[in-house]
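Analysis of the macromolecular model
Spelled out, the chains give:
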Amino acid sequence: MTLAIETEQLTRTFGEVLAVDQVNLSVERGAFYGFLGPNGAGKSTTIKMLTGLLAPTSGKMTILEKNPLNAAESLEIKRRVGVVPEGLALFDNLTAREHLTFVGRMYLLPPDTLQERIESLLGLMRLDDEEKKLTLEYSHGMKKKLALAAALLPNPDLLFLDEPFEGVDAVASRELREMLARFVARGSTVFLTSHVLDIVQKLCTHVGIIAGGKLVRQASLDEIRHGGSLEDCFIELVGSDTQSAQTLDWLEEGG
Ligand SMILES: Nc1ncnc2c1ncn2[C@@H]1O[C@H](COP(=O)(O)OP(=O)(O)O)[C@@H](O)[C@H]1O
Ligand SMILES: [Mg+2]
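This text gives an overview of the structure that appears in the document.

Reading the values: the criteria
- Residues numbered from 1 in each chain as written.
- Chains lettered and ligands numbered in written order.
- Predicted model: local features only at pLDDT ≥ 70, side-chain atom pairs only at ≥ 80, totals over all residues.
- Helix = DSSP H or I, 4+ residues; strand = E, 2+ residues; numbered from the N terminus.
- Rg over C-alpha atoms; globule rule 2.2 N^0.38 Å.
- Buried ≥ 20, exposed ≤ 12 C-beta atoms within 10 Å, placed from the backbone.
- Near = placed C-beta within 6 Å.
- Nonpolar A, V, L, I, M, F, W, Y, C, P; charged D, E, K, R; others polar.
- Axes fitted to C-alpha atoms, helices over the stretch in contact; angles between N-to-C directions.
- Parallel < 35°, antiparallel > 145°, perpendicular 65-115°, else oblique.
- Left-handed = near helix turned anticlockwise from the far one by under 90°.
- Contact = placed C-beta atoms within 7 Å.
- Pairing = 2+ DSSP bridges.
- Arc of directions from axis to C-beta.

With that settled, the discussion passes to the overall build of the protein chain. A tally of helices and strands in the protein chain yields 11 helices and 10 strands. Relative to its length of 255 residues, the protein chain is compact, with a C-alpha radius of gyration of 19 Å against a globular reference of 18 Å. Counting only C-alpha atoms, the protein chain reaches 55 × 55 × 40 Å along its principal axes. Expressed as a percentage of its 255 residues, the buried residues of the protein chain come to 37%.

Turning our attention to the site of ligand 1. The full set of residues close to ligand 1 is Phe14, Val17, Ala19, Gly37, Asn39, Gly40, Ala41, Gly42, Lys43, Ser44 and Thr45. Secondary structure elements with two or more residues in the shell around ligand 1: strand S2 (17–23) and helix H1 (43–50). Counting residues per element, the shell around ligand 1 draws most heavily on H1, which supplies 3 residues. When its residues are assigned to classes, the shell around ligand 1 shows 4 nonpolar, 6 polar and 1 charged.

Turning our attention to the packing of helix H3 (residues 96–106) against helix H4 (residues 111–124). Viewed as axis vectors pointing N to C, H3 and H4 meet at an angle of 140°, and their least axial separation amounts to 10 Å. Relative to H4, the element H3 is oriented oblique. As H3 packs across H4, the resulting crossing turns out to be right-handed. From H3, Ala96, Arg97, Leu100, Thr101 and Gly104 reach across to H4, where they touch Leu114, Ile118, Leu121 and Leu122. Residues that form the contact of H3 with H4 fall into these classes: 6 nonpolar, 2 polar and 1 charged.

Right, let's get into the packing of H3 against helix H5 (residues 140–152). Contact geometry of H3 with H5 gives a least axis separation of 9 Å together with a crossing angle of 30°. In terms of their interaxial angle, H3 and H5 are classed as roughly parallel. Our pair here, H3 against H5, has a crossing hand that is right-handed. In this structure, H3 contributes Ala96, His99, Leu100 and Val103 to the contact, and H5 contributes Leu146, Ala149 and Ala150.

As a further point, take the pairing of strand S8 (residues 189–194). In terms of burial, S8 is largely enclosed, as 6 of its 6 residues are buried. Both faces of S8 are covered, namely the face carrying Thr189, Phe191 and Thr193 and the face carrying Val190, Leu192 and Ser194. The sheet contact formed by strand S4 (residues 32–36) and S8 spans 5 bridges and is parallel. Counterpart to phenylalanine 32 in the pairing with S8 is valine 190. Bridge count between strand S7 (residues 158–162) and S8: 5 bridges; the pairing is parallel. Paired with aspartate 162 across the two strands is threonine 193, which belongs to S8.

Take the sheet that holds strand S10 (residues 214–220) next. Strand order in the open sheet formed by 6 strands is S6-S7-S8-S4-S9-S10, and the pairing between neighbours is mixed. Sheet topology places strand S6 (81–84) and S10 at the edges, where each strand pairs with a single neighbour. Within this sheet the neighbouring strands show an average axis-to-axis angle of 15°, counted without direction.

Our focus in this paragraph is helix H9 (residues 230–238). For an α-helix, 3.6 residues make a turn, and residues three or four places apart therefore share a direction. Inspection of H9 places Leu230, Cys233 and Phe234 among the buried residues, and these make up the whole buried set. On an axial view of H9, the arc spanned by its buried residues comes to 95°, and they lie on one face. Exposed side of H9, more than 90 degrees from the buried face: Glu231, Asp232 and Ile235 are the residues found there. Check the buried side of H9 and you find it contacts S4, helix H7 (197–203), strand S9 (206–211), S10 and helix H8 (221–226). Following H9 by one or two positions, glycine 239 has its phi on the positive side, about 85°.

Treat this as a map of the structure, not an account of what it does.
Structure (structure tokens):
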């Protein structure tokens with residue numbers, strides 16, 4: 001079994017805040033891995049470290065059997081990885097086609113290949129009828145689709161997606177799910193974060209649950225289901241926050 005991602009005691013602090021606390025991830029090649037946890041659990045911080053956007057405070061990482069903290073190996077990893085980061089990282093004043101052209105050139109794709117892929121991605125994401133719009137005029141869902149198109153452009157072995165379904169409508173969400181399922185079916189690996197159980201349950205083969213910066217469970221979805229539902233597992237590990245509901249009693253009192 002080869003691993004696409006492995007971390008040892010991966011840790012990141014922000015001042016006093018321990019955002020990611022000694023996390024040991026193990027993601028098999030070809031897995032559709034869902035990194036699940038409540039808001040503020042440390043998901044985005046982890047994905048930023050895995051993709052080289054943020055330096056770890058301590059710990060080790062291996063991505064596609066290479067060390068991202070080594071400059072030469074890090075470049076090799078970047079060639080084979082696609083990322084949709086938390087902030088999407090689009091350029092406001094470019095059209096979708098211009099953005100994809102720019103990204104494709106950074107990946108040094110041959111011009112013919114780039115053209116062909118841009119056409120098919122624009123069609124697939126239904127961004128081709130919005131040719132003249134700049135990304136700053138896009139809706140949130142369209143921006144997400146463009147960011148995903150840019151991440152798929154290099155035909156990566158490993159795709160990192162931070163909350164890919166957040167703010168995406170039901171139609172686009174189904175298309176996105178089907179596309180990602182096809183991507184994994186041909187042997188690539190997806191690592192996505194989500195705070196939505198249902199999405200992870202529908203899509204993922206493997207699940208990691210993070211809470212308060214700590215990885216509290218990591219297993220195949222089947223293994224988790226065997227011992228009950230993912231929801232039960234999640235609530236048990238993460239705990240339900242009844243406090244917040246209680247403090248809103250006044251909402252039910254009426255005027
Ligand atoms: N740049 C930052 N500076 C300070 N604190 C941060 C920063 N980024 C994240 N944090 C803190 O780290 C914790 C984890 O955040 P994050 O990884 O964004 O969570 P998630 O993506 O799971 O919602 C939170 O407590 C958050 O406030
Ligand atoms: Mg996040």
